[in-house]
Amino acid sequence: MIFVIAIIFIAFLAIIPFLYVRMTIQFQHAQDNDQLTIDIRLLRFLRYRFTVPLIEISKREAGLVTEQKTSTGKDEKTTFTVTDARQRIAQIKRWLNDIVHLHTIIKKFLQKVSVLQFQWHTQIGVGDAAKTALFVGIGWSVKYYMVAIMSKYMNVCSTPSISIVPFFQGALSRTSFTCMVRFRIGYAILAGLKVVKHWKKGAKVSRRNENEWTSD
C-alpha cells in the first residue's frame, strides 16, 4: 500500500511542471476606495484567493490606509506613507540591479503566458467638461498602449474589452479591471530558477566591484 502511494506521489510530482495555473486579477476602484483580488487555480480543486483590504486616502498624512480584521475580529488600520513607498522602491531597484539578463528572462516567460480575459472599464469626470475630455483622451492612450504591450509579449486568446466613459455632471472616478492568464507551472519554475541563478551572479559582481572600489 505504501509503495502504491509512493508511486502515485512521484507520478504527481512528475506531471506538476506540465499542469496549467490559471490566475485572475480583479481590481475595483470607486472614488477613494480600492480593492484588489488575486485568485489562483490549479486543476479544479486547488484554489488560493488573496484579497488586499479596502484602501482609502489618508486625510492626516500623505499615504494610503488599509483596513483588515485581526484574529480577534477587530478592524485594524495601517497607513502606507510616501516614505514607505520610496523605501520599498529603493529595495526593489537594488534587487533588480543584482539580476543580470532580467529583461530576457521575463520576456521569455511572458511568451508562454496566455491571456484568456482582459477587461478594463473606466468612468471619469473632474467637474469641468474640457478637462474631463482631456483626461479621457489620455486614458484611451494609456489603455491602447497597455493592450499593445500585452499583445506584443504575451499570447492574447480573446479580444480585450476596454472603455472610458466621460462624466460631465461632476467629479467621479470608477474603474473595473479584470485580467485572467494561464501558464504552465514548469515555465514559472524555470523562470524562477533563472532569476535565482542570475541574481547570485549579479550579487557576486556587485560585491567584487565594491571591494575593488574600497581597496582603491
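If you're wondering where the values come from, they're calculated on a predicted model, not measured in any experiment. (Residues numbered from 1 in each chain as written. Predicted model: local features only at pLDDT ≥ 70, side-chain atom pairs only at ≥ 80, totals over all residues. Heavy atoms only, no water.)

(A) Looking closely at the overall build of the protein. Within the protein, the regular secondary structure consists of 5 helices and 9 strands. When its helices and strands are written in sequence order, the protein yields α-β-β-β-β-β-α-α-β-α-β-β-β-α. Within the protein, residue pairs in contact and separated by at least 24 positions form 59% of the contacts whose partners lie at least 6 positions apart. As displayed, the protein has an accessible area near 15,700 Å², and 62% of this comes from carbon and sulfur atoms. (Helix = DSSP H or I, 4+ residues; strand = E, 2+ residues; numbered from the N terminus. Contact = heavy atoms within 4.5 Å. Areas by Shrake-Rupley, 256 points an atom, 1.4 Å probe, with all protein chains shown as cover.)

(B) Structural view of the pairing of strand β1 (residues 20–30). In the sheet, β1 pairs with strand β9 (residues 171–184) via 11 bridges, with the strands oriented antiparallel. Bridge pairing in β9 places Val-21 opposite Phe-183. (Pairing = 2+ DSSP bridges.)

(C) Spatial organisation of helix α3 (residues 102–110). Residues Leu-102, Ile-105 and Phe-109 constitute the buried set of α3. An end-on view of α3 places all buried positions within 65 degrees of arc, on one side of the element. (Buried < 20%, exposed > 50% of the residue type's maximum accessible area, 1.4 Å probe, protein only. Arc of directions from axis to C-beta.)

(D) Quick look at the packing of aromatic side chains. The tally for this structure, following the rule as stated, stands at 4 aromatic pairs. Plain terms: the ring middles of Trp-120 and Phe-177 are 5.8 Å apart, the flat faces sit at 90 degrees to each other, and that makes the pair edge-to-face. Residue Trp-120 is found in strand β6 (residues 114–126), and its partner Phe-177 is found in strand β9; the two are separated by 57 residues along the sequence. An identical accessibility class is assigned to Trp-120 and Phe-177; each is buried. (Phe/Tyr/Trp six-rings, centres within 6.5 Å; stacked < 30°, edge-to-face > 60°.)

(E) Quick look at helix α4 (residues 129–153). Look at α4: 37 Å from first C-alpha to last across 25 residues, which is about the 36 Å you get at 1.5 Å a residue. Those residues of α4 not exposed but buried are Thr-132, Val-136, Gly-139, Lys-143, Val-147 and Met-150. Here the buried face of α4 lies against β6, β7 (155–156) and β8 (161–166). For α4, the N-terminal capping position is held by Asp-128, with its side-chain oxygen 3.2 Å away from the main-chain nitrogen of Ala-130. (Expected span 1.5 Å × (residues − 1). Polar contact = N/O pair within 3.5 Å; in protein donor to acceptor, adjacent residues only side chain to side chain.)

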